[in-house]
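Coordinates in review
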There are 2 protein chains.
Amino acid sequence: MPGLLQRPGGPITVSTLKEAEQFAAIGLRDILYAVGIEPGKLTRVAALRRQGVDLCVILDSLEQAQAVAAAARATNDRIPALIELDPDGHRAGVAPRDPRLVQIGAALISGGAELRGVMTHSGGSYSCRGGDQLSAAAERERSAAVGSAEMLRAAGMPCPVVSVGSTPAALSARDLTGVTEVRAGVFVFFDLVMAGIGVCAIDDIAISVLASVIGHQRQRGQILVDAGWTALSRDRGTADQPVDQGYGLVCDQAGRVLTDCILTAVNQEHGIISLRPGSGAPLPELPVGARVRILPNHACATATQHGEYAVVGADPERVAAVWRRFSGW
Amino acid sequence: MPGLLQRPGGPITVSTLKEAEQFAAIGLRDILYAVGIEPGKLTRVAALRRQGVDLCVILDSLEQAQAVAAAARATNDRIPALIELDPDGHRAGVAPRDPRLVQIGAALISGGAELRGVMTHSGGSYSCRGGDQLSAAAERERSAAVGSAEMLRAAGMPCPVVSVGSTPAALSARDLTGVTEVRAGVFVFFDLVMAGIGVCAIDDIAISVLASVIGHQRQRGQILVDAGWTALSRDRGTADQPVDQGYGLVCDQAGRVLTDCILTAVNQEHGIISLRPGSGAPLPELPVGARVRILPNHACATATQHGEYAVVGADPERVAAVWRRFSGW
């Protein structure tokens, strides 16, 4: 993407080593691989680092720290690592200020690797509603990261990087004192989940799936389109939100929302458009062959289903550019 | 795949035109595109037919029949079509024996296209439980198809193809009188949904995702692996079955089920293994780096997430062959 190419060194955060390899191939040099390192992957990490990529890994256990240190000694390269923290009980990570932080840090340093800092991903922020909850999640994350960094520094260890993440928290933080890096991803496109959380408007969503009407079941109030879960994904991230958007919110080809029209079901290559339950809106007249744009619940999950992005500007019928995607590991 | 290559003519059923194009490129000639035709796609249909591919489309409306007939006249090619039936209120299709069948058939024939027959996909069979319900679904489908074919023939129209489908019904039909073709797909691999319906055993499932342990949250009884929804999909097809398998059932690398271990949550690149709620089994000892195989809810949805199949035989550590996949439309 243009923004990246203007800053060929990065920084960038990736969630697979294939992403690291692809971005390294176009010149990015400052890369964080933000999924807990599995020792079997250290061969690929070392190969990228030998090419001059400053690839940093993350970990949350003594076993991983020992494996990284062993790889560092074997390759004569102080592989850098951030210790992952778990500020909200959501997924991976050491509890903030847990004494294990110091043990893990010491294993890295004494073993020949580099303790570069700490990182969090506040996945719990996805279940927040409203500015106050989001700001509280952002502060919980900041406090966990900064407090843990201070604990490591008090033990005499360096901790230059204090990295926090997640789009909802990143956009709601009122104070970032002590934080050196904020990682956010889905803000690039936004999506219905982010709109439901309240960090963007529907109009801010910059990704959609273009589909065509292939039929009707008028007696059931259904319009069928040629986009199912292969095109949208099965993500139901809005199911627990105040407004359930089904498998996606339906717009006309120009991107104007068709009131209360959502994708209520998806099969492999079929999507079923119906009115939101309880709606008083009329089902729009969409003949066979009509085009609709479907806004996705989760931009990441939907984008993963596609081999490329068709970039459109003011004219929704003209593809201004095609950006290739890659998938896999 | 070997079986296909031994029968280079087909027949084969596809759900996208890209599939039709790819299978045509390796020599298949008898292809049914089994998603309701959208008029804008008839250019690609005609191009494949000009190459000698007997590509047949499906439709369930007069508008589509008129569009197919117009394309047939424009290309001087009697494009064949099956009329789709809706035996169970599940998705697309004309109600069985609906008088519209005759109108649609007449529009095809008088317009210059070919009425080749009728077809159904008994998607409703996926919610059946047990042999009697499945056999009843299969018979409902057969009766809908055969009765509709008889109605067209009684109106003086040819109806050589009577095509039924869906793996659960195909494997449970007690009588196929009048049916000329049975289409089934997921039986190639089977999956947890099919096991839950009762048409296969867990041991019959021939597809899994190989993942590695990347961490533990012992106080929460969780093991983290490097396979999330990008690897498994978000399919939750067992959620409404008597045994909910989460996002997948966990086995050791040799494919032996780890009792009650399921993937209870998935993020983009993280999977969380926990014991099934209420289980008395112990959480297995799986150190960082240990390999597990995860059986998927829905083989189609999981396979779509991958660029290739790694084929393994008796030795689960040796990849005997790699089969490339393709995706997209």
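As the structure is a computational prediction, the values presented were derived from the model and not from experiment.

With 45 residues of chain B in contact, the opposing surface of chain A contributes 45 residues. Of the roughly 3700 Å² buried where chain B meets chain A, counting both sides, 52% is carbon and sulfur surface. Remark: the boundary between chain B and chain A carries eight salt bridges. Here B:Arg234 ties to A:Asp235 by a salt bridge, and the two come within 3.2 Å at their closest N and O atoms.

Looking now at the relation of the copies chain B and chain A. Superposing chain B onto chain A requires a rotation of 180 degrees together with a translation of 0.0 Å along the rotation axis, leaving an RMSD of 0.0 Å. Such a combination of rotation and displacement between the chain copies is what one expects of a two-fold axis. For chain B, the residue whose C-alpha comes nearest the rotation axis is B:Arg234, separated from it by 2.6 Å. Here 100% of the interface residues in chain B have copies in chain A that are interface residues too; the copies meet face to matching face.

Residues spaced three or four apart along an α-helix face the same direction, because each turn holds 3.6 residues. Taking 1.5 Å of rise per residue, the 25 residues of helix α6 (residues 130-154) of chain A would be expected to cover 36 Å, and the 36 Å separating its terminal C-alpha atoms lies within 8% of that figure. Just downstream of α6(A) lies A:Gly156, where phi reads positive at about 85 degrees.

Quick look at the pattern of salt bridges now. Residues and elements named next belong to chain A. For the structure shown, the criterion picks out 32 salt bridges over all chains. The partner of Arg116 in a salt bridge is Glu114, and the shortest N-O contact between them spans 3.1 Å. Put simply, Arg49, Asp54, Asp77, Glu114 and Arg116 are held in one network by salt bridges that share partners.

The next subject is the sheet that holds strand β12 (residues 271-275) of chain B. All names here are of chain B. Taken together, six strands build a closed barrel; the order of strands is β8-β9-β12-β11-β10-β13 and the barrel is antiparallel. Averaged over all neighbouring strand pairs, the angle between strand axes comes to 45 degrees, with direction disregarded. Relative to β12, strand β9 (residues 222-225) runs antiparallel, the two sharing three bridges. Residue pairing across strands places Leu224 opposite Ile272, the latter belonging to β12.

In terms of nonpolar packing, the biggest core is built from 49 residues, with B:Ile31, B:Leu55, B:Leu59, B:Val68, B:Ile83 and B:Val118 touching the most fellow members. With six residues, helix α4 (residues 62-75) of chain B is the single largest residue contributor to this core. Of all hydrophobic cores here, the second largest spans 47 residues; its members include A:Ala20, A:Phe23, A:Val35 and A:Val53.

What follows is about the confidence of the model for chain A. Residue and element names in this part refer to chain A. Put simply, chain A has an average pLDDT of 94, and 97% of its residues get 70 or more. Here residues 1-5 scores under 50 on pLDDT; set against residues more than four positions off or in separate chains, the count is six contacts. This prediction of the complex comes with two scores: 0.94 for pTM and 0.94 for ipTM.

Quick look at the sheet that holds strand β11 (residues 257-266) of chain A now. Two modes of strand pairing occur in sheets, parallel and antiparallel, and in both the strands are linked by backbone hydrogen bonds. Residues and elements named next belong to chain A. Pairing is antiparallel around the closed barrel formed by six strands, whose spatial order is β8-β9-β12-β11-β10-β13. Shown here is a sheet whose adjacent strand axes are inclined to one another by a mean of 45 degrees, direction ignored. With five bridges connecting them, β11 and strand β12 (residues 271-275) associate as antiparallel partners. Its bridge partner being in β12, Cys261 is matched across the sheet by Leu275.

The next thing to look at is the packing of aromatic side chains. Enumeration according to the criterion identifies four aromatic pairs over all chains in this entry. Its end group placed over the ring of A:Tyr247, A:Arg236 keeps NZ or CZ at 5.4 Å from the ring centre.

Below, the discussion takes up unusual backbone geometry. Comment: phi is negative for the bulk of residues other than glycine, and the bulk of peptide bonds are trans. All names here are of chain A. Despite not being glycine, Asn76 shows a phi value in the positive range, around 55 degrees. Looking at the element boundaries, Asn76 is found in the loop between α4 (62-75) and β4 (80-85). Judged by its relative accessible area of 75%, Asn76 is exposed. Despite not being glycine, Ser166 shows a phi value in the positive range, around 100 degrees. Within the element layout of this structure, Ser166 appears in the loop between β6 (161-165) and α7 (167-170).

Residues and elements named next belong to chain B. Along the polypeptide, Ile273 turns up in strand β12. C-alpha separation for the pair Ile273 and Leu249, spaced 24 residues apart in sequence, amounts to 9.1 Å. When sequence neighbours within four positions are dropped, the list of residues in contact with Ile273 reads Gly221, Gln222, Ile223, Val225, Val250, Cys261, Ile262, Leu263, Thr264 and Val292.

Cut-off values and rules
- Residues numbered from 1 in each chain as written.
- Chains lettered and ligands numbered in written order.
- Predicted model: local features only at pLDDT ≥ 70, side-chain atom pairs only at ≥ 80, totals over all residues.
- Heavy atoms only, no water.
- Contact = heavy atoms within 4.5 Å.
- Buried area = accessible area lost by both parts, 1.4 Å probe.
- Salt bridge = Lys/Arg side-chain N within 4 Å of Asp/Glu carboxyl O.
- Least-squares fit on C-alpha atoms with pLDDT ≥ 70 in both.
- Helix = DSSP H or I, 4+ residues; strand = E, 2+ residues; numbered from the N terminus.
- Expected span 1.5 Å × (residues − 1).
- Pairing = 2+ DSSP bridges.
- Axes fitted to C-alpha atoms, helices over the stretch in contact; angles between N-to-C directions.
- Core = buried A, V, L, I, M, F, W, Y, C linked by side-chain atoms within 4.5 Å.
- Buried < 20%, exposed > 50% of the residue type's maximum accessible area, 1.4 Å probe, protein only.
- pLDDT = per-residue confidence, 0-100.
- Phe/Tyr/Trp six-rings, centres within 6.5 Å; stacked < 30°, edge-to-face > 60°.
- Lys NZ or Arg CZ within 6 Å of the ring centre and 35° of its normal.

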